[in-house]
Amino acid sequence: MKTFLILSDSHGRAKLGKIASLAAENDYIVHLGDGAGDLRELITDYPEKVYSLKGNCDFYGGQEECVIEAEGLSVFCCHGHKYGVKSGISRLAARAKELGCEIALYGHTHRAAIEEIDGVLCINPGSAGAYGDPTYCYLVIHNKKPTATFVSLL
């Protein structure tokens, strides 16, 4: 079993008190961009398990996209703006499929969502910033079965 703590779009206004206390017990911590610098402390404390993606509002560091292998599944990670996710996620799903991934993690829209497209489970954790109800996603992969849950940061 592998666990993911997934955040996005914190824009420097993250409510990370809950997350900091959960960091040690998760296998992967992924920030999907636009405020990835909010995880500076976690990157210092857990460099082997923090993945920081670059969003359209990030002007330093971060990967454009990456693939994480976990429990026999491949997880594609990106911010999503380059795939036009505000207009639909079919291009995102196609890119994940092209890379051989069963799961795609993305942000950019500030709206938590889970949708399967063409065999790819697409997950947006919502916004971890101070927008309405800030959320993150807790993803568990066990025996090649992903289970995603949205958690409020309030």
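The rules we used
- Residues numbered from 1 in each chain as written.
- Predicted model: local features only at pLDDT ≥ 70, side-chain atom pairs only at ≥ 80, totals over all residues.
- Heavy atoms only, no water.
- Salt bridge = Lys/Arg side-chain N within 4 Å of Asp/Glu carboxyl O.
- Helix = DSSP H or I, 4+ residues; strand = E, 2+ residues; numbered from the N terminus.
- Buried < 20%, exposed > 50% of the residue type's maximum accessible area, 1.4 Å probe, protein only.
- Pairing = 2+ DSSP bridges.
- Axes fitted to C-alpha atoms, helices over the stretch in contact; angles between N-to-C directions.
- Contact = heavy atoms within 4.5 Å.
- Lys, Arg positive; Asp, Glu negative; His and termini not counted.
- Polar contact = N/O pair within 3.5 Å; in protein donor to acceptor, adjacent residues only side chain to side chain.
- Disulfide = S-S within 2.5 Å.

K.L.:
Which parts of the structure should I look at to understand the pattern of salt bridges?
P.N.:
Between side chains of opposite charge, pairing is possible as soon as their charged atoms come close. As enumerated under the stated definition, the model contains 4 salt bridges in all. A salt bridge links E64 to K82, with the shortest nitrogen-to-oxygen separation between them at 2.8 Å. You can see E64 sitting in the loop between β3 (50–52) and β4 (65–70) and its partner K82 sitting in the loop between β5 (73–78) and α3 (90–98), a full 18 residues away along the chain. Note that K97 and D118 form a salt bridge whose closest N and O atoms lie 3.4 Å from each other. Note that K97 is positioned in helix α3 and D118 in the loop between β7 (112–117) and β8 (120–125), a separation of 21 residues in sequence. Under the relative-accessibility criterion, D118 is labelled exposed at 57%.

K.L.:
Quick question: what am I supposed to make of the sheet that holds β4 here?
P.N.:
Working definition: the strands of a sheet are paired by backbone hydrogen bonds and lie parallel or antiparallel to each other. The 5 strands are arranged β4-β5-β6-β8-β7 in an open sheet whose pairing can be described as mixed. Both edges of this open sheet fall to β4 and β7, since each of them pairs with a single strand only. This sheet shows a mean twist of 20 degrees between the axes of neighbouring strands, independent of strand direction. Relative to the sheet, α3 contacts β4, β5, β6 (103–105), β7 and β8, its axis offset from that of β8 by approximately 120 degrees.

K.L.:
Is there a simple way to explain the side chain of D34 in this structure?
P.N.:
For D34, the position within the fold is in the loop between β2 (28–31) and α2 (40–45). One buried charged residue, D34, remains without a salt bridge, the closest side chain of opposite sign being K86 at 7.5 Å. For D34, the side chain forms a polar contact with the main-chain nitrogen of N56, separated by 3.1 Å. Ignoring anything within four residues of it in the chain, the contact list for D34 reads D9, S10, H11, G55, N56, C57, D58 and H79.

K.L.:
In this structure, what is going on with the state of the cysteines? I would like to understand it.
P.N.:
A full pass over the atoms with the stated rule returns 0 disulfides. C101 takes part in no disulfide bond, and the closest cysteine sulfur, belonging to C77, lies 8.2 Å away.

K.L.:
Could you clarify how one ought to interpret the environment of H81 in this entry?
P.N.:
Looking at the element boundaries, H81 is found in the loop between β5 and α3. When its relative accessible area of 27% is taken as the criterion, H81 is described as partly exposed. Along the sequence, H81 and N56 sit 25 residues apart, while their C-alpha atoms lie 6.8 Å from each other. The residues contacting H81, other than those within four sequence positions of it, are K54, G55, N56 and H108.

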